[in-house]
Amino acid sequence: MAKPLKDRIQEILSYVMAHETYLAHNHVLLDIHQGNLRKYVEKDLKSCLSPEYYKKLRERIIIINILKRYIDKVSKVYALTPVRVVTEESTTSDQELLEYYEDQFEMNVRMNDADEYSNLHKGFLMEPFLTSDAEPEPNLRIYPFDKFLVKSDTPEDPLKTDLLIKFMGSRHVQVPDRRVRGGIREEMREVFYLYTNEEF
């Protein structure tokens, strides 16, 4: 059995840092796929052209997002809306339950996103959850590969996921201020959610 998460913080931080290039690459792919190619083209041109020539050329740049076109072309699993039915032995209430979750999860929209992420990143994370409304309802999130990492602690099966690391953005947190005795200061920190079979 693996050590408790609280005893693995340094190991997990090292693992995340070792994958920074991979995560950054996936972020750029997603950003380009979402239509933000121009800034990358401009950055590359700016680095290899003189300022005067870049200024003249900048207004003439025609952006053709081949990555987006390619991903849109190959992501065809949900081009035709699938029909989901329960088995013949099931009851009417089983079919109603299936249809309820299809509707709540917006299954075709979410799975179309998953298909695109599969073609863009070769994978995705699907997370069912309950909304935080007064009356929680089931919903579904699909994460691209710049928002999470998985880790195996099983040498004989490196594809087994023993740890899920979700990146939850930055937050202000209170930390001890060593400059002032008993002081507290606020600092921006990256927030990770960690999941194993035993802990969250």
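Heads up: the structure comes first, above all this text.
Residues numbered from 1 in each chain as written. Predicted model: local features only at pLDDT ≥ 70, side-chain atom pairs only at ≥ 80, totals over all residues. Heavy atoms only, no water.

Undergrad: Please provide a residue-by-residue account of the overall build of the protein, values included.
TA: A count of helices and strands for the protein gives seven helices and five strands. Traced from its N-terminal end to its C-terminal end, the protein shows the element sequence α-α-α-α-α-α-α-β-β-β-β-β. The buried share of the protein, taken over its 200 residues, is 30%. Carbon and sulfur atoms make up 55% of the accessible area of the protein, which totals about 14600 Å². Each charge class in the protein can be summarised by its mean position, and for the 29 positive and 35 negative side chains these summaries are 13 Å apart. (Helix = DSSP H or I, 4+ residues; strand = E, 2+ residues; numbered from the N terminus. Buried < 20%, exposed > 50% of the residue type's maximum accessible area, 1.4 Å probe, protein only. Areas by Shrake-Rupley, 256 points an atom, 1.4 Å probe, with all protein chains shown as cover. Lys, Arg positive; Asp, Glu negative; His and termini not counted. Charge placed at Lys NZ, Arg CZ, Asp CG, Glu CD.)

Undergrad: Describe the packing of helix 3 (residues 38-48) against helix 4 (residues 51-58), naming the residues involved and giving the relevant values.
TA: The axes of two packed helices give the description: the angle between them and the distance between them. Packing of helix 3 against helix 4 leaves a shortest axis separation of 10 Å and a crossing angle of 150°. Between helix 3 and helix 4, the angle falls in the class roughly antiparallel. Judged by the sense of rotation from one axis to the other, the crossing of helix 3 with helix 4 is right-handed. Facing R38, E42, L45 and K46 of helix 3, the residues of helix 4 in contact are Y54, L57 and R58. In terms of residue class, the contact of helix 3 with helix 4 is made up of three nonpolar, no polar and four charged. (Axes fitted to C-alpha atoms, helices over the stretch in contact; angles between N-to-C directions. Parallel < 35°, antiparallel > 145°, perpendicular 65-115°, else oblique. Left-handed = near helix turned anticlockwise from the far one by under 90°. Contact = heavy atoms within 4.5 Å. Nonpolar A, V, L, I, M, F, W, Y, C, P; charged D, E, K, R; others polar.)

Undergrad: Give a description of the sheet that holds strand 4 (residues 163-177) that names residues and reports values.
TA: Across a sheet, paired strands are connected by hydrogen bonds in the backbone, their directions being either parallel or antiparallel. Ordered by their spatial adjacency, three strands build an open sheet running 3-4-5, and the pairing between neighbours is antiparallel. Since the sheet does not close on itself, it has two edges, and those belong to strand 3 (148-151) and strand 5 (183-195), each with one partner. Adjacent strand axes in the sheet meet at a mean angle of 40°, parallel and antiparallel pairs treated alike. Looking at chain direction, strand 4 and strand 5 are connected through 12 bridges and run antiparallel. Bridge pairing in strand 5 places I165 opposite L194. (Pairing = 2+ DSSP bridges.)

Undergrad: How would you sum up the environment of L159? Please name residues and give values.
TA: Mapped onto the secondary structure, L159 falls in the loop between strand 3 and strand 4. Spatially, the C-alpha atoms of L159 and F124 are 15 Å apart, while their sequence positions differ by 35 residues.

Undergrad: Give me the lowdown on the nonpolar core, citing residues and values where you can.
TA: Listed in full, the 11 residues of the largest apolar core are L29, L30, I71, F105, M107, M111, A114, Y117, L120, L140 and I142. Contributions of two or more residues to this core are made by helix 2 (20-33), helix 7 (107-121) and strand 2 (138-143). Per-element tally for this core: the top contributor is helix 7, with five residues. Sequence-distant contacts of F105, that is, excluding residues within four places in its chain, are made with R110, P128, P138, N139 and L140. Counting residues in each nonpolar core, the second largest holds 10 residues, with Y15, V16, L23 and L163 among its members. (Core = buried A, V, L, I, M, F, W, Y, C linked by side-chain atoms within 4.5 Å.)

Undergrad: Explain the packing of helix 2 against helix 7 residue by residue, including any values.
TA: Relative to each other, helix 2 and helix 7 sit at 125°, their axes nearing to 11 Å. When the axes of helix 2 and helix 7 are compared, the pair comes out oblique. Classified by chirality, the crossing of helix 7 by helix 2 is right-handed. The residues of helix 7 that touch helix 2, namely those facing N26, L29, L30 and H33, are E116, Y117, L120 and H121.

Undergrad: Can you explain the pairing of strand 2? Please cite residues and give values.
TA: Of all six residues in strand 2, five are buried, a share of seventy percent or more. As paired elements, strand 1 (residues 125-130) and strand 2 share six bridges and run antiparallel to each other. Each residue of the ladder has a partner; that of L125, found in strand 2, is Y143.

Undergrad: I'd like a description of the side chain of S75, backed by residues and values.
TA: Checked against the element boundaries, S75 lands in the loop between helix 5 (66-74) and helix 6 (92-105). Only 2.7 Å separates the side chain of S75 from the backbone oxygen of I71, close enough to count as a polar contact. Of note is the side chain of S75, whose polar atom sits 2.9 Å from the side chain of N119. Residues within four places of S75 in sequence aside, it is in contact with N112, D115, E116 and N119. (Polar contact = N/O pair within 3.5 Å; in protein donor to acceptor, adjacent residues only side chain to side chain.)

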